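For reference, the chains in residue letters:
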Amino acid sequence: MKVDLTVNGKDITADVEDRMLLVHFLRDVADLTATNVGCDTTSCGACTVLLDGESVKSCTVLAAQASGHQVTTVEGLAANGEMHPVQRAFHQEHGLQCGFCTPGMVMAIVSLLKENPDPTEEQVRQGLEGNLCRCTGYHNIVRAALAAASEGKVSA
Amino acid sequence: MIPSSFTYKRAGSAEEALDLAAEHGDDAKFLAGGHSLLPLMKLRLAAPEVIIDLGGLRDLSYVTDQGSYVAIGALTRHHDVEHSELLGREVPLLAHAAGRVGDPQIRHRGTIGGSIAHADPASDLPAVLLALDATLVARGADGAREIGMGEFFQGLFETALEPDELLTEIRVPKPASPGAWSFQKFTQRAIDWAIVGCAVQDGRVGLVNMGGTPLRAAAVEAALAGGASPADAAAHAAEGTSAADDIRATRAYREHLARVLVARALSEANSRP
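Residues numbered from 1 in each chain as written. Chains lettered and ligands numbered in written order. Predicted model: local features only at pLDDT ≥ 70, side-chain atom pairs only at ≥ 80, totals over all residues.

Undergrad: How should the pairing of strand E2 (residues 10-15) of chain A be read in this particular structure?
TA: The side chains of a regular strand alternate between both faces of the sheet. Residues and elements named next belong to chain A. Little of E2 is tucked away: zero of the six residues are buried. Looking at chain direction, strand E1 (residues 2-7) and E2 are connected through six bridges and run antiparallel. Within E2, the position partnered with Lys2 by the bridge is Asp15. Linking E1 back to E2 in an antiparallel pair, the connection comprises two residues, with Asn8 at a positive phi of about 50°. (Buried ≥ 20, exposed ≤ 12 C-beta atoms within 10 Å, placed from the backbone. Helix = DSSP H or I, 4+ residues; strand = E, 2+ residues; numbered from the N terminus. Pairing = 2+ DSSP bridges.)

Shown next, in the form of structure tokens:
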């Protein structure tokens, strides 16, 4: 079937199998391989992207369902060569170890801060319930989310 | 994991969805948010030949005040139920429980109607709506009909819906004492299905994952109605249940959890102003 998605602001039309998952569309058709397949069972959040601005697990969305909609991956966050505040905060706070969960973590936090720009630490931890870090590097990830939130407040 | 092949159809309206369902019969399944059905399809536990995507039916996403009850469109996402000011005020049990379904990503996609129609005994909202004594509205080729929550669940993943019927609305009566609620859920990790859960509202008790269907704890309710204390009533929580023995818990452990969680829930519901 023909699908037509806007990915990171760019229109992508392709003929795909009806059963193609969004994450495979992003990696294999759009050639955007930052979005990882982790558990493939809606548990780990490594494949988190934004669908119309909200976090979703792209292993549990069909490319067909996303047709006609906007998708943002971690590759779409930086603007004019400048990292997104959440990316910058991960860099500054060392919010990663092996890096596999990082793209999903970053996208989940972008969505979380959009809904709640000034979260408490507990709200950040609850907001990241859908993202697993198998290095268990959660402390710095939470610090990065809080740092990005406080940068948002300063620049707002 | 990739689902087996199917044909994808996107419905532009409820009428179109019903026409597609009539055309394809048992071979077709409705897809709402897809967060119950797609995982089963990826595991090849479900293999419908036709998927009818309801995601475009935005007119079935609403929460409105109807006086004695709150009407919720079947395509309303958990995220929107959780953040509904109306539900937060009139039916806080439902708003709270919707915010405990899965995780934020799942709540951005999953819908209240999808969760009920899927009829997984381990999901949260069916038991919550049993405790709220909700009524469901199903639309078919011959018009709409109402189904009480008590008659809806007929077996494991089986409901009173006909293959060519679409669940369109959930009607939740405003509780007599909106504060007399509690929702308890015991999981290994935050995002897991409940090993056991329970919802309490005004002395009605719904149980999660204590049998093949979501169910009311009738023995607890009868004890409460007979004047038993919450602690004494909760001792009956496992009566009439048929919890599974599985990788997460034994039946005996689930029965123990049901008694403990119902006791906590009754106590919490009684303590709210």
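Undergrad: Looking at this structure, how should I read the interface of chain A and chain B?
TA: In many reports, interface size means the accessible area that the parts give up when they come together. Taken together, the 24 residues of chain A in the interface contact 21 residues of chain B. The set of elements that each furnish at least two residues to the side of chain A that touches chain B consists of strand E4 (54-57), helix H2 (63-66) and helix H4 (102-115) of chain A. At four residues, the largest contribution of residues to the side of chain A that touches chain B is made by E4(A). Residues of the side of chain A that touches chain B, tallied by class, amount to eight nonpolar, ten polar and six charged. (Contact = placed C-beta atoms within 7 Å. Nonpolar A, V, L, I, M, F, W, Y, C, P; charged D, E, K, R; others polar.)

Undergrad: Can you walk me through the domain arrangement of chain A in this structure?
TA: Residue and element names in this part refer to chain A. According to the domain assignment, chain A consists of domain 1 (2-76) and domain 2 (85-155). The C-alpha centroid of domain 2 is placed 21 Å from the C-alpha centroid of domain 1. Counting residues at the interface gives 16 residues for domain 1, matched by 13 residues for domain 2. Examining the composition of the side of domain 1 that touches domain 2, we find that three residues originate from one element, strand E3 (residues 48-51), more than from any other. Of the residues in the side of domain 1 that touches domain 2, the class split is seven nonpolar, eight polar and one charged. (Domains from an automatic or database assignment.)

Undergrad: I keep staring at unusual backbone geometry and nothing clicks. Help me out?
TA: Excluding glycine, residues mostly have negative phi values, and the peptide bonds linking residues are mostly trans. Residue and element names in this part refer to chain A. In this model, Asp31 sits at a positive phi of 65°, which is unusual for a non-glycine residue. One non-glycine residue, Thr42, adopts positive backbone phi at about 65°. Relative to the helices and strands, Thr42 resides in the loop between helix H1 (22-29) and E3.

Undergrad: What am I meant to see in the domain arrangement of chain B here?
TA: Residue and element names in this part refer to chain B. Taken domain by domain, chain B comprises domain 1 (7-52), domain 2 (61-173) and domain 3 (181-271). One C-alpha centre belongs to domain 2, the other to domain 3, and the line joining them spans 20 Å. Tallying the contact residues gives 21 residues for domain 2 and 23 residues for domain 3. If you list the elements that add at least two residues to the side of domain 2 that touches domain 3, you get helix H5 (92-98), helix H8 (124-131) and strand E8 (153-155). For the side of domain 2 that touches domain 3, the element with the most residues is H8, which contributes six residues.

Undergrad: Which parts of the structure should I look at to understand the packing of helix H3 (residues 85-93) of chain A against H4(A)?
TA: A pair of packed helices is captured by two measures, namely the crossing angle of their axes and the spacing between those axes. All names here are of chain A. The geometry of H3 relative to H4 is characterised by a closest axis approach of 9 Å and an angle of 130° between their N-to-C directions. With respect to H4, the element H3 is oriented oblique. In this structure, H3 crosses over H4, and the sense of that crossing is right-handed. Touching Val86, Gln87 and Phe90 of H3 are Thr102, Val106, Ile109 and Val110, all from H4. (Axes fitted to C-alpha atoms, helices over the stretch in contact; angles between N-to-C directions. Parallel < 35°, antiparallel > 145°, perpendicular 65-115°, else oblique. Left-handed = near helix turned anticlockwise from the far one by under 90°.)

Undergrad: Explain the nonpolar core to me, please; I cannot follow it from the model alone.
TA: Side chains of nonpolar character tend, in soluble globular proteins, to be buried together. Formed by 134 residues in total, the largest nonpolar core has its most connected members in A:Ile109, B:Leu94, B:Val128, B:Cys198, B:Ala258 and B:Val262. Not counting chain neighbours up to four residues away, the residues in contact with B:Leu94 comprise B:Val81, B:Leu87, B:Val128, B:Leu132 and B:Val172. (Core = buried A, V, L, I, M, F, W, Y, C linked by C-beta atoms within 7 Å.)

Undergrad: I keep staring at the sheet that holds strand E4 (residues 63-65) of chain B and nothing clicks. Help me out?
TA: Strand pairing in a sheet takes place through backbone hydrogen bonds and is either antiparallel or parallel in direction. Residues and elements named next belong to chain B. Within the open sheet, the five strands sit side by side as E4-E5-E10-E6-E7. Their pairing is antiparallel. Looking at the sheet topology across the chains shown, the edges are occupied by E4 and strand E7 (143-148). Here the average twist between neighbouring strands, direction ignored, is 25°. Pairing of strand E5 (residues 69-73) with strand E10 (residues 166-173), which is carried by five bridges, proceeds in the antiparallel orientation. Residue pairing for E10: Gly73 is matched across the bridge by Glu169. Packing against the sheet, helix H1 (residues 14-24) makes contact with strand E6 (135-140) and E10, and its axis sits at approximately 125° to E10.

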